[in-house]
Amino acid sequence: GFKPTKAGTYTVVAKTDFEDSNADDNQSDATFTVTTNQFGRDNGTYVGGMGNSSGIIVANKFELKQTDVIGSFLIAFRLSESTEFTLRIYSLNDEETSATQVYESGIFNRDAATAVNELTEFKIEPQSLTAGKYLCAINQFNPTNIACCYDGVSNGLFYLVNNNGELSKYENSTYGNI
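Residues numbered from 1 in each chain as written. Predicted model: local features only at pLDDT ≥ 70, side-chain atom pairs only at ≥ 80, totals over all residues. Heavy atoms only, no water.

Draft legend 1. Layout of the environment of A14. By secondary structure assignment, the location of A14 is in strand 1 (residues 8–15). Overall, A14 belongs to the partly exposed group, its relative accessible area being 45%. Residues A14 and Q27, 13 residues apart in the sequence, show an inter-C-alpha distance of 5.4 Å. (Helix = DSSP H or I, 4+ residues; strand = E, 2+ residues; numbered from the N terminus. Buried < 20%, exposed > 50% of the residue type's maximum accessible area, 1.4 Å probe, protein only.)

Draft legend 2. Highlighting unusual backbone geometry. Backbone geometry places E96, a non-glycine residue, at a positive phi of 60 degrees. Residue position: E96 is located in the loop between strand 6 (83–92) and strand 7 (99–104). Its identity is not glycine, yet A147 carries a phi of approximately 50 degrees, on the positive side. Counting through the fold element by element, A147 comes out in the loop between strand 10 (132–140) and strand 11 (148–150). Residue class for A147 comes out buried when judged on its relative accessible area of 3%.

Draft legend 3. Focus on the packing of aromatic side chains. A complete count under the given rule lists 8 aromatic pairs for this structure. Among the aromatic side chains, those forming a connected cluster through ring pairs are F77, F85, F108 and F122. Cation over ring: R110 sits above F77, and NZ or CZ is 5.6 Å from the ring centre. (Phe/Tyr/Trp six-rings, centres within 6.5 Å; stacked < 30°, edge-to-face > 60°. Lys NZ or Arg CZ within 6 Å of the ring centre and 35° of its normal.)

Draft legend 4. Spotlight on the side chain of E96. What makes E96 buried here is its relative accessible area of 17%. Separated by 2.9 Å, the side chains of E96 and Y159 make a polar contact. Residues in contact with E96, not counting those within four places in the same chain, are K61, K133, Y159, L167 and K169. (Polar contact = N/O pair within 3.5 Å; in protein donor to acceptor, adjacent residues only side chain to side chain. Contact = heavy atoms within 4.5 Å.)

Draft legend 5. Seen up close, the nonpolar core. I75, F85 and L87 are the most contacted members of the largest nonpolar core, which has 26 residues in total. Listing elements by their share of this core, those giving two or more residues are strand 4 (56–64), strand 5 (68–76), strand 6, strand 9 (119–129), strand 10, strand 11 and strand 12 (157–161). Looking at this core, the element that brings in the most residues is strand 4, giving 4 residues. If near-sequence neighbours (up to four positions away) are discounted, I75 is found in contact with F85, L87, E118, L119, T120, F122, I138 and C148. (Core = buried A, V, L, I, M, F, W, Y, C linked by side-chain atoms within 4.5 Å.)

Draft legend 6. Layout of the pairing of strand 6. Within strand 6, 8 of the 10 residues are buried, which leaves it mostly tucked inside the rest of the structure. Bridging between strand 6 and strand 8 (residues 108–110) involves 3 bridges; their strand directions are antiparallel. Bridging from a neighbouring strand, F85 pairs with F108 of strand 8. Summarising the sheet, strand 6 and strand 10 pair through 7 bridges and their orientation is antiparallel. (Pairing = 2+ DSSP bridges.)

This is the structure in structure tokens:
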């Protein structure tokens, strides 16, 4: 597979001998950006929001190849009614079957000032993380649905985490990425 070696904007072009929607070129292009300071899984287009009425911890997996510092989370919400949440970082075991919480933020509030379907930055105390696998999680701990946006792509991946650090993996689900 393709692995970018530096930050920049990349375009991947897939061509076929079969006719597609544009018979002149029979190809599909996908453009994406690689940065040195921002990790993301979603495609930036949101089709729904997930949470529940009793609390939920949803998380994205990231792998660091070297020590790095995390200082904020970028989150898009589907709703703007007031609800409180915390942000957590978990260290993920090698088998990706359990996680150990290594950080929890203070309480944040999603409210009417939080733009619906747009990324909002939530700053945390900078956390130095060594090379390894991590989950960056949103902890909805009250009964108001957090409505964390999802993109609905067919190749998505995210996790649900319970209070014991046990994981449920949602890979290629109808939600896509959160």
